[in-house]
Structure formats: C-alpha cells, structure tokens
Amino acid sequence: MSTQGVMQGVTMAYVKTIGIVNNGDNGRGFANPHDVVVSRDGRIFVLNRCDPARATAIRVGICNLDEEYLGEFGNGFGEGDGQFGLPVAMALGSQERLYVTDEYLHRVSIFNTSDGTFMGKWGVMGSGDGQVNGPAGIAIDDDDNVYIADQNNHRIQKFTTDGQYVSQWGEKGAGSGQFNMPWGLCAAGGHVYVADWRNDRVQKFTGDGTYVAAFGSSGDGDGQFSRPSGVAVDADGNIYVADWGNERIQVLGPDGSFQQRLRGQATLSKWAEAFFAVNPDEQGTREVADLTPSLPPHLETPYQISSQVEPYFWGPASVTVDADNRLYVAETNRHRLQIYQRV
Amino acid sequence: MSNQDFALLAHLMRRAGFGATRDELEAYAAQGYTATVDELLNPGDPEVMPDDLIRRYHVDQSELRQLDGAGANWLYRMVTTRCPLEEKIALFWHGLFATGYSKLNQARALLNQIDMFRRHGLGRFDALLVELSKDPAMLLWLDNTDNHKGAINENYGRELLELFSMGIGNYTEEDIKECSRAFTGWTLGNAEYMAMRASKDSIWPYSRIAWHFQYRDWDHDEGQKTFLGETGNFNGEDIIGIIARQQATARFVSMRLFQFFAADDVDSDGEQVIEAMMQSYFDSGYEIRAALRTLFLSEYFMSEKARYARVKGPVELLVGAIRQAGSYRAPTLGVHQLAYQGFFMGQGLLQPPSVEGWHEGMEWIDSGSLVERVNFVAQELSSLDKPGVRAIIDRLAAENGGVLTPEQLVDQCLDLLGPVAVEDDTRTALVDFAAAGGGALNLSGHQPGDATEQRVSNVLRIIASTREYQLA
Amino acid sequence: MASQRDKKLVVIQLSGGNDCLDTVVPYSNGLYYDFRSTVHIAPDAVLPINDQFGFHPSMGAIKNLWDEGRVAIINGIGYPNPNRSHFRSLDIWHTAEPAKIGTEGWLGRVIRELDPKGENVLTGINFGRGLPRALGLRGVPVASVGNLDTYGLFPDLQDEALKQSALATFTKMYGGAAGRDVVFDYLGQTGADVLKGADILRQAPAQYASTVSYPDNPVAHNLKAIAQVLLADIGTRIYYTTHASFDTHSGELPTHAQLWEHVDSSVGSFMDDLKLHNRLDDTVIYIFSEFGRRVKDNGSGSDHGSGGVAFVIGDSVKGGMYGEYPSLEEKDQLEGDLHFNNDFRCTYATLLEQWMGLESAPIVNGHFEQFDFLKPAAA
C-alpha cells in the first residue's frame, strides 16, 4: 500500500517521529497530544490533552527536534490557575507568550514560554459578544490579534491578547461563512483559515472576517475531507489540512488545489528505541510481525485501519509548519509527532 | 390507554431494554405490545450518540487504551440507543461468553467483540458461534492462540461445549479433544507479538495495536475427526454446525435466555416456555430472535408472575436510572466514572470475574453493593437539573392544577418512574415520608430547585431507594 | 465482639509495580549504577541499612522504624512464571493462585475464617471505593469506605434532618412486607446490615482523639481512617488500602520519591498514633506491590519487571532482611528482571499462621515454607 499520493507542485518528505506514550508520569513522552507549536528558536511545544482520569498528564511538554525532552508546564486537571479541563489548542504570541484554549473551562490560559509561568487567563462562557462556548482552535496574527474558533457558538471571534472583544463572524449553517463546530485555526499572510469540522471543509477569510474561499467537500477522495480538525499554511501559501476523520494529511496549493496526501509512516523515536533496548523480548516478536496487515471487511474504516496499522496517522488532530517548511503532525491516539520536510 | 397496558410495556422494556420514560411508553403503547416486541427484535437505526462527537470530546474513547474509557463508550450507547434490545442482547452474550480485560489488556478488542454481538446477537446461533470462534479477544482469552496442530490446547474447545453451547454432561472428553483439533490454526494476526504485548500490558511505544483474526492453514489439523458421533475432516465451522443442531444446545440457549429475560428461577410454567423456545429455535433455523419472540409473547412473560422476578443487574440498574433521568445524552466530562460505578456495584463492563461471567440474581446483592446501588440511583433520580426529572415535575404540575396530596404525590411518582408496583408496607412508608414534608404539595408557580420541587425530589429519591426499584 | 487483643492486619497495596531497586537500594553494587545509568539513587543519598543496602531517601520514617527493629524487609518476593500485566499480576497476588484464574480473594477467605457466620459485617474493610479482589468472596460481606465521615446511605444529603427522615423511611420500607419471597427478605436483611454497619462506623471518627497529625495525601487520609476504626474496637480485623500509581515508565525519580514520601510519612504517623494509644502490639502492617521493574532503566523510567520487595512493619516484627536480595548479574536475571527467590505465599502463610493464628494451606492454596519475621510470642 502506497503512503504517498500523486505528486504535483508540493512534495513532502518524511523526516522522523518524536514521541512515546506517557501514562501519566512525569517526564518524556506525550499523553494524547492534541496540538503542537514551534517557537522561532526551535522548541517544540506539545499540548497533552489526556483525560481527567489521568489528571497529572494534562500539561504542555517541551522538546526539540533532536528529541531532547526539555520539560513541561501546566498543573494538571482542575479549575485553578495554570490548570486545565479539556485543553484544545495553542498559539504563540509576542513576548514569549503561549495561549491555550480550554473547551471545558471556556477560557484561554496564558503562559510564559521561557519558564512556564502562568501569566493570566480570560474567557466567559456564553453566547454574547466576546463570550465563548467551547473555545477550540486559536491563532494569533503578526499584529497580535487573537482568533478563536467558538465551537458551540459556531463562529469565529477576534480578541486582543488581553481578551478584549474586537469582532466576530459566522453562525451555524453550511453556507459560505457559516460554520458547524469549527475546530482548528490558522492566521497567515493576512488571512484566517478555519477547519470547519462538521461541514467537512476549510474556509478562508480576511482578518476582518470577509469570506474569501472554501475548499473541500465530504468524502475520502483527493481534496475531500472528513471532519478536518487542523490547518496550517506555509510562507508560500500552501495549505496543510489535518483530515482527522480520514486519518490523513492533505496538502493543498495556495488556490486550494490538491497537491498530496499523507497517510503517515512513523518510525521509532529515540525514546521508543530506548524502550526496546531494555525490552528485547518485545523487540524480538515485533521484528517478525507484519505491522501493516490486511484486515477483515468490518474493520476497514480509516479509523479502524489506523487502530491496527501502527505507522499510519491515528487521530491527527493538528498540524503546524515551522520557518524551515517542516510540517509537524500531532497524533492524539499515538502519542507522537510525525515530521515531514517540504522539498 | 390503561395503566395495565403501561405496566406490561414497562415490564417488557425493563427486560428487553433498560426501562423507559413515560414519553417512550406512550409511543410504544400507541403501536401496541406485539408491534413493540417486533420492533425491539428487528433493530433499525439506533441513532446513538454520534461517534465523531464522542471522539472529539473524549480522546480516551477515541484511543480506547484503557478499560474505563471503553466501558464508558458502551454505556453511552446503552444510554442513547433507540434500539435497546440490541444493547441488551449484547450484554446477555457478554455475560455468557464472558471475556475479560485482565488477561487481554485490549479494550478495543473487547468492544469489537461487543459490536459483533450487536451484529449477530439476535441472528442464527451457529453464525454467532463461528464469529465468536474467530473473535480476537476470545481467541486470546481462552488460549486458542496456543492451540496448534499436533499440540492442542483444549481451553477453548472445552468452554465452547461446556459454557457456551451445551453444558456439561452432553459430550465426552474425547469430543473436547476432537473439537479442539478442529479449531487449530484459528488465531490472531501477529499472534506472538500481540500475546507478548497482552501478557505485559504493553502500550509501548505508540499505544495499543488492535487485533484481527487470522487463519493459519499450515497450523490447522486436516486429519479426520469424530465429534458427537459424526466423523469427517471437520474444520471449526463443521463442529459448530453439529453443535447447533443438538437438543442440548437448544435447551441450554433457551434456558439462559429465559433466566436473563424472564425470571431468575425457573418453575414448571417456565419449563413449558423453555420447551416452546426450543421449538422456535429449531423451526427458525437456530434464530435467537425467534426464541426470544416466543418468550416475549408467552402468557408466562406477560403475566403478573414474571413481574419483578429478577434482581436488576448493576448495569441494568445504572443505565435504567440514567435513561430515566435523561442525563449523558451529549458527551459529558466524567462519564468514565459511570464505568467505575458499575464496577463498584459488582459489574464492571468488559471485566467479568471469570469465563463463567457474573453470578446473577440474589448474588448481585451484598451490603457493599447495595450501598452503591441505592446511593447512585437515589442521587441520579433526585437531581432537579436532570431533564428526565424535570419532565416528571412538569407532568406532576400539569395534573390537577399541580396540587397533590401526599398519597397522590407518591402514587404519581411511582407511576412516572415505572410504573413501579410496590408492597403496601412500602407505600405506607413512602406516604408517611411525603406527608412529613408538609401536607398537600402545590406545584403551581414552581421554579427550578424551589422548595416544592425539592419535595418531589425527596420522594423520587426514596422511591429509587426501595427494594422494588432494585428488581426488574 | 472481638476483643482489643485480637490481631489486626493492615494491608497497603502499592499499585502499578514499585521499583524495588530504588526502594531498597544496592548502593555499593557497581552493576546497579551500570544498569541504572539514569534512574538511580546516589550512594550518598540513601538512608543506609548496612554497607550494601539503603532505603530510598523518602523513607525516613520507615528507616527510623527499621532502626527500632520494627521492619522486616522481604527481598526477592514473587511467584513462578511471572506475569508482567498489572491486572493479571494483581489477580495472582489477590487470589494466591498463579496457575489459573482464581475467583476467591485470599483475605476474603481470611474474613470467612475469622467470622464464619458473617456476624460482623465490618470484619474486613477496604478504605477506598470498590472492592479489591483480595477481599472478594461470595457470601462474605466487606465494606468499602471511600470517606469515613459520610459512609452509608445518602452521602449527598446535606440537610441532616432530611437525611434522618430518609434513613428512617428506608428502615421502615426494608423491614416491611415480611415473607413476600426469599429475594425480598434477603434485600431487607441486607438493607438492615447496611444501616447497622454505617451506624457503627459513624462512631469511629466521633470517638477518635489524637495529638498525632497526619500529612495531607490520599494514603494518609486512609491510614488515619484505619486508625480511627481500629481504635474504636468494632471488631474489624482486616484493613486494606491502596496507593497509586507506582507505574513509573518515565520521569521516575521525582514521581517515585513523592509516592514513597506519601507512604512513608503516613505509615510514620499511623505508627505514632498507635503508639500514643498504646496499641502497637496488636497490629501489623504489610506493604506489597504486584511486581518490581526491569533491572535496566529506559532512560527516563523503568518498565514492568517481576521480582520485588515487600515490608512487614510492627512491634511484633523481628526487624531484618528476609529472602535473598536478588543478584544483579546478567546471568542471574530472569528475562531482564530480578529473579524472585521466595513465593509471596510464604509471606502470606507466615502472617496467617504466626500472626492471625489461622491454618494457611486452604487460604493460599497449598503449603509454603514460613519466614521467622515475627516474634515467637506473636500468635
């Protein structure tokens, strides 16, 4: 089975995998990573959503491309300062600030990225101007405007970095400029891109909410989506979509034209290799196993296939692109990042 | 519609489902008893909570690495389904073909098994047994992964005959060996790696890898076998074909269905129903649906005698209370606590104590489990913020101008929570309790959570605490 | 009612697989530092037991009890064909049945022996929600106490008058309709047992007075509740609680240190409390985990292993090291783990025969050699 699609203008090459499952302990590894952002100095911030039954693992972990684990911040599950309920997404602002949305506590928490200090929070649950209900995706543009996918109000809201309401657009529906439970967001090149989750499409707007275009429709063909959850855009305007329900990544050109699809090809991270080094019994049986088996018909949805085929993406909730055109894919169900390079 | 009709339908829904709200009972009553039985037996679209919403909100239920998330995932289905018998029959087979997490460390394989019970649980018994024999969770649970040509492991072969189809006394030790030979080569894909991971509870490096069935023809014993007096080059399907046509099998299956759906104890009238179920089993070509239809339409099942003749299992009790309260209809933080709650009451979904399943009936009850049972349902059904409780209050307020004597309050609440039929002593105690709250209740102008509503809540709490509510 | 002198057993389960190498540290053994290049305790940090071994630095209170001769360390504890799955291995410890899937908890059997007619529903108590399989046995009532202060029916009712009225109604309802049928009567009897048990348990915190302060963590809360029930003399003989999670696959050093800090300080307070009340002589604490961990670390933590360590603590204990500390030599390891050298059922048998005064064979499924970690006059 080929994991690479038809190649046209943009080509992505697999680089490596970072991660290992973390069962709630301190230290290296991820617990249901839901979002990833990369700072200019190359630190990779991973949002470990986890779940309240494993409360301490809900936090932000930091590593780098060399797979050094640099630490973590956030105080686990709870309603206190620096704690999380159901964190969804992150965005980097100016002045070393990291913003994290929380769809259960209906708020944004702000941390200092240099030492993880809690800097503040804002957000009020509701449906009025500036109120949020299940804030999901978050993006910050070059002018420090904050955009939030207001999931259960089916709209995008624009704020200042201290939470002052600026404007909003959208309502529930399937027409242009309408949304159905929007999730991931990206602000790039003066535009805002929205993963319009339950409408199976990506919509593009100007920074003040003027509708520009929509890409995709429901399905599993090229350029079609099933519940897209994340979107990223590189400096040349190419669009990377976490096609969550299809368990794949799609790459679109700046005009939305289909370029490539990725199904994932994870390899062993350094942390995974360290595990097998001390567990040779598992390594031995793994070496003779077929990790990409064919499956009975009742297990052939993309989701079921990904549950069986370890190298494939499983729960690719979020994508991000760094300044060197590296693509990072956060896989919620596999506790790892797969990294690709645009070539 | 008479109260007798509601009481009969409520009885049916406690057995073939997880109870019903008054709105649901009214809809069933409109189509009648027989049509309701047939609708239950022929599930359409269950309209359960959408999977994409669950997976977005509950990452643990998307990954299904752990037992609690998997149990919660099944509970969501039981709570929201419009086809409750589909879940109830899956629960029945889960108790009979009891497969547990402790040895497998593979919650997804267990949920896939439950899904197989949904697909095949009301159909032909022989088809169900073939699916069960290919089920990855079962293959590892009863060591068929160690059942090889020339070196058989009898565990699955033995339990297939003893616990899953005929019962002890209807076959010989030699039959067990021959049966086991027929199932050699039925195993998991990557059996060695998966068994290693299971035995170490390994989630490393990238979480669980789900399982699938594999037939290894090179490991299958192609030799001639003699099973229950028949001889041939039998494979597993042939063995199951022979099993399905045995009288002992028909009797075993009908008996177990009767005990789960009709009464914990079988008396002579019950024996006659079981005979009729066996006949339906054969007439229909081994259809579980046909045997159940005979049961549900039997005079015995529809009579007063069958009412409250079973102790509710913990999951029946839990799901029944939640469905009445109307909670957990959308993804809800903390739903995994419900899975723990069942465990606290003595029935952890996907973790039966052994291959023999749970000991049912009176054995559900001890002082520890009773505390958990009463406290959960009492709290659930007295919470004024739950939609189902609000619906009860709205109905009470609409009756008689919202003015109710203590007797009326108790009788109406008993009616709307079931109807629940209670002993005179129970009713007296309930009325005394309601009266101690202060004479007649006037719900006109009631506001959410006010003192009048609180009195209703208190009465609902005590009704939920009765012995009668513990029975199905 | 059991007398104050009846022997009591307090079991603390360390769930998740406690890393015995970092608990009783072989600090003078170079192999330990070779295999544990990251996840180790430095020689100058351990609390020395002797010139070879030392306690984890978080175990100050247990070290003091050791110095007083009150701690038996059982090294190399385990069972044949070790299973490295948490659930399965715990089942094995709970049912004393390594070969097949057992259904009867060993402590359930103990409770049945102590109170064959089930006259005291509080003979065994688990402190925590749910019932560990060790205590599970059909027909043997065991209370699970999540919170001693609110234990019983209707813990969510804040209004005390309403709660009393609800309980009175419950009593009336469950006492009525006598003779309707067997199930109804049984439910009625069980309801009465529930009320009786809750009434008795409620006295425990009310009667309790102590100058000992416990730390603020879950196992301390449970040990304090155990002290309250124990000192109330309501006939409870078996006390069970669990602390988690010792499943330290990553970031082990800070996690393991905190876990032991919790257990250690709680055990210290509990022993102080018993001492204050002059009750050290009738209680023994037994601490175990379902397995140890791999000899080699994985760069951040350690993975599931087999051979482990258990502790028996009390005034009646002959302090010392029991079992053999397993060799760290590669050739002596069992598939990368410390090789167990004593079956956990030897420890069970010792506690049952020499402490509880019970015949051990039917409880632990066979005859096992006993240790001599209890003082001769103990039973």
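If you're wondering where the values come from, they're calculated on a predicted model, not measured in any experiment. Within any chain, residue numbers begin from 1 and follow the written order of that chain's sequence. Both sets of labels track the order of writing: A upward for chains, 1 upward for ligands. A pLDDT threshold of at least 70 governs which residues receive local features in this predicted model, and a stricter bar of 80 or more applies before side-chain atom pairs are shown or counted, although totals over entire chains, interfaces and linings include all residues. Neither water nor hydrogens contribute to the side-chain values; these are computed over all heavy atoms in the structure.

Notes on the overall build of chain B
- The secondary structure content of chain B amounts to 26 helices and 6 strands.
- Taken over C-alpha atoms, the radius of gyration is set against a globule rule of 2.2 Å times the number of residues to the power 0.38. Relative to a compact globule of 472 residues, whose C-alpha radius of gyration would be 23 Å, chain B shows 24 Å and is just as compact.
- In terms of its C-alpha atoms, chain B occupies a principal-axis envelope of roughly 80 × 55 × 40 Å.
- Residue contacts follow a heavy-atom distance rule, with two residues in contact if any of their heavy atoms lie within 4.5 Å. Intrachain contacts of chain B at a sequence separation of at least 6 include 74% that bridge at least 24 residues.
- Carbon and sulfur atoms provide 47% of the accessible area of chain B, an area that totals close to 15000 Å². Runs of E in the DSSP output that reach at least two residues are strands. Runs of H or I that reach at least four are helices, and both are numbered from the N terminus. A 1.4 Å probe and the Shrake-Rupley method give the accessible areas. Residues count as covered only by the protein chains that appear here.

Observations concerning the interface of chain A and chain B
- Taken together, the contact pairs 59 residues of chain A with 37 residues of chain B.
- Ranking the residues of chain A by area buried against chain B places A:V21, A:E282 and A:Y303 at the top, with a combined share of 14%.
- The salt bridge criterion pairs a side-chain nitrogen of Lys or Arg with a carboxyl oxygen of Asp or Glu, the two atoms within 4 Å. If you look at where chain A meets chain B, you find 6 salt bridges.
- The partner of A:E282 in a salt bridge is B:K200, and the shortest N-O contact between them spans 3.1 Å.
- The term polar contact refers here to a pair of N or O atoms within 3.5 Å; inside protein, the definition further demands a hydrogen-donor-capable atom paired with an acceptor-capable atom, and it admits residues adjacent in sequence only when both atoms are side-chain atoms. On the surface where chain A and chain B come into contact, there are 31 residue pairs in polar contact (both at pLDDT 80 or more).
- For the side of chain A that touches chain B, the elements supplying multiple residues, two or more each, are β1 (12–19), α1 (270–278), α2 (280–287) and α3 (302–308) of chain A.
- The residue makeup of the side of chain A that touches chain B, split by class, is 26 nonpolar, 19 polar and 14 charged. Accessible-area loss on putting two parts together, using a 1.4 Å probe and summing over both, is the definition of buried area adopted here. Under the convention adopted here, Pro, Cys and the residues Ala, Val, Leu, Ile, Met, Phe, Trp and Tyr are nonpolar, Asp, Glu, Lys and Arg are charged, and Gly plus all remaining residues are polar.

Here's the deal with the packing of helix α7 (residues 84–96) of chain B against helix α16 (residues 247–261) of chain B
All names here are of chain B.
- To get an axis, a line is fitted to the C-alpha atoms, and for a helix only the part in contact is used. The angle between two axes follows their N-to-C directions and goes from 0 to 180 degrees. Here α7 crosses α16 at 120°, and the two axes come no closer than 11 Å. By the angle between their axes, α7 is oblique relative to α16. When the axes of α7 and α16 are compared, the crossing they make is right-handed. Each of L85, K88, I89, L91, F92 and L96 in α7 lies in contact with α16, whose residues at this interface are F252, R256, L257, F260 and F261. To sort the angles, those under 35 degrees are grouped as roughly parallel, those over 145 as roughly antiparallel, those from 65 to 115 as roughly perpendicular, and the leftovers as oblique. The crossing is said to be left-handed when, going from far helix to near helix, the turn is anticlockwise and less than a right angle, and right-handed when the turn is clockwise.

Some thoughts on the domain arrangement of chain C
Residue and element names in this part refer to chain C.
- Looking at the assigned domains, one finds that chain C contains domain 1 (8–151 + 203–364) and domain 2 (153–201).
- On a C-alpha basis, the centroid separation for the pair domain 1 and domain 2 is 36 Å.
- Here domain 1 and domain 2 share an interface that buries about 860 Å² over both sides, 66% of which is from carbon and sulfur atoms.
- Together, V121, Y151 and Q203 form the three largest contributors to the area buried by domain 1 at its contact with domain 2, with a combined 49%.
- The interface formed by domain 1 and domain 2 contains 0 salt bridges.
- Our count for the contact surface shared by domain 1 and domain 2 stands at 3 residue pairs in polar contact (both at pLDDT 80 or more).
- Looking at the side of domain 1 that touches domain 2 element by element, the count peaks at 3 residues for helix α6 (residues 182–207).
- The residue inventory of the side of domain 1 that touches domain 2, partitioned by class, reads 10 nonpolar, 2 polar and 1 charged. An automatic or database domain assignment supplies the start and end points of every domain.

Thoughts on the interface of chain C and chain B
- With 49 residues of chain C at the interface, the matching set in chain B holds 48 residues.
- Summed over both partners, the interface of chain C with chain B buries about 4200 Å², with 64% contributed by carbon and sulfur atoms.
- Our count for the contact surface shared by chain C and chain B stands at 5 salt bridges.
- The salt bridge partner of B:E423 is C:R180, with a shortest N-O separation of 2.8 Å.
- The tally of links from chain C across to chain B stands at 19 residue pairs in polar contact (both at pLDDT 80 or more).
- Per-element tally for the side of chain C that touches chain B: the top contributor is α6(C), with 11 residues.
- Across the side of chain C that touches chain B, the residue classes break down as 22 nonpolar, 15 polar and 12 charged.

So, the pairing of strand β23 (residues 326–331) of chain A
Residue and element names in this part refer to chain A.
- Only protein chains enter the accessibility calculation, which uses a 1.4 Å probe; a residue whose area is less than 20% of its type maximum is buried, one above 50% is exposed, and one in between is partly exposed. Counted residue by residue, β23 has 6 buried out of 6 residues, so it is predominantly covered.
- Of the two faces of β23, the one holding R326, Y328 and A330 and the one holding L327, V329 and E331 are both buried throughout.
- Here strand β22 (residues 316–321) runs beside β23; their pairing, made up of 5 bridges, is antiparallel. Across the sheet, T320 pairs through a bridge with Y328, a residue of β23.
- Counted between consecutive antiparallel strands, the loop separating β22 from β23 contains 4 residues, among which N325 sits at a positive phi close to 60°.
- For two strands to count as paired, DSSP must find a minimum of two bridges between them. With antiparallel pairing between neighbouring strands as the criterion, β23 and strand β24 (residues 336–342) make up a hairpin whose turn holds 4 residues, including H335 at a positive phi of roughly 60°.

Thoughts on helix α10 (residues 125–133) of chain B
- Summarising burial for α10(B): 7 of the 9 residues are buried, a large majority.
- Residues of α10(B) that are buried: B:F125, B:D126, B:L128, B:L129, B:V130, B:L132 and B:S133.

Re the pairing of strand β20 (residues 248–252) of chain A
All names here are of chain A.
- Burial analysis of β20 places 5 of its 5 residues in the buried class, which makes it a mostly covered element.
- Neither face of β20 is left uncovered, since the one carrying R248, Q250 and L252 and the one carrying I249 and V251 both have all their residues buried.
- By the bridge criterion, 5 bridges tie strand β19 (residues 239–243) to β20 in an arrangement that is antiparallel. Paired with Y240 across the two strands is V251, which belongs to β20.
- The antiparallel pairing of β19 with β20 creates a hairpin that spans 4 residues between the two strands, and E247 there sits at a positive phi of about 55°.
- Hairpin remark: β20 followed by strand β21 (residues 258–262), antiparallel, with 5 residues in the connecting loop; positive phi at G256, about 90°.

Points about the packing of aromatic side chains
- Centres within 6.5 Å are what make two rings of Phe, Tyr or Trp a pair, Trp counting through its six-membered ring; a difference in plane orientation under 30 degrees is then read as stacked, over 60 as edge-to-face, and the rest as tilted. Scanning all chains against the criterion turns up 59 aromatic pairs over all chains.
- A ring pair is formed by B:F97 and B:F164, whose centres lie 5.1 Å apart and whose planes are at 75°; its orientation type is edge-to-face. Within this pair, whereas B:F97 is found in the loop between α7 and α8 (101–104), its partner B:F164 is found in the loop between α12 (155–162) and α13 (173–182), the two being separated by 67 residues in sequence. In this structure, B:F97 and B:F164 share a single accessibility class: buried.
- Summarising the aromatic geometry, the rings of C:W93 and C:F288 are spaced 5.3 Å apart at their centres and angled 25° between planes, so their arrangement reads as stacked. Here the residue C:W93 occupies a position in helix α3 (residues 86–95), and C:F288 occupies one in strand β9 (residues 283–289), the gap between them amounting to 195 residues. We note that C:W93, like C:F288, is buried.
- By the criterion adopted, a ring carries a charge over it if an Arg CZ or a Lys NZ lies within 6 Å of its centre and within 35 degrees of its normal. Here B:R310 stacks its cationic end above the ring of B:F260, 5.2 Å away from the centre of that ring.
- Lying across the ring of C:F184, C:R180 places its NZ or CZ 4.0 Å from the centre.

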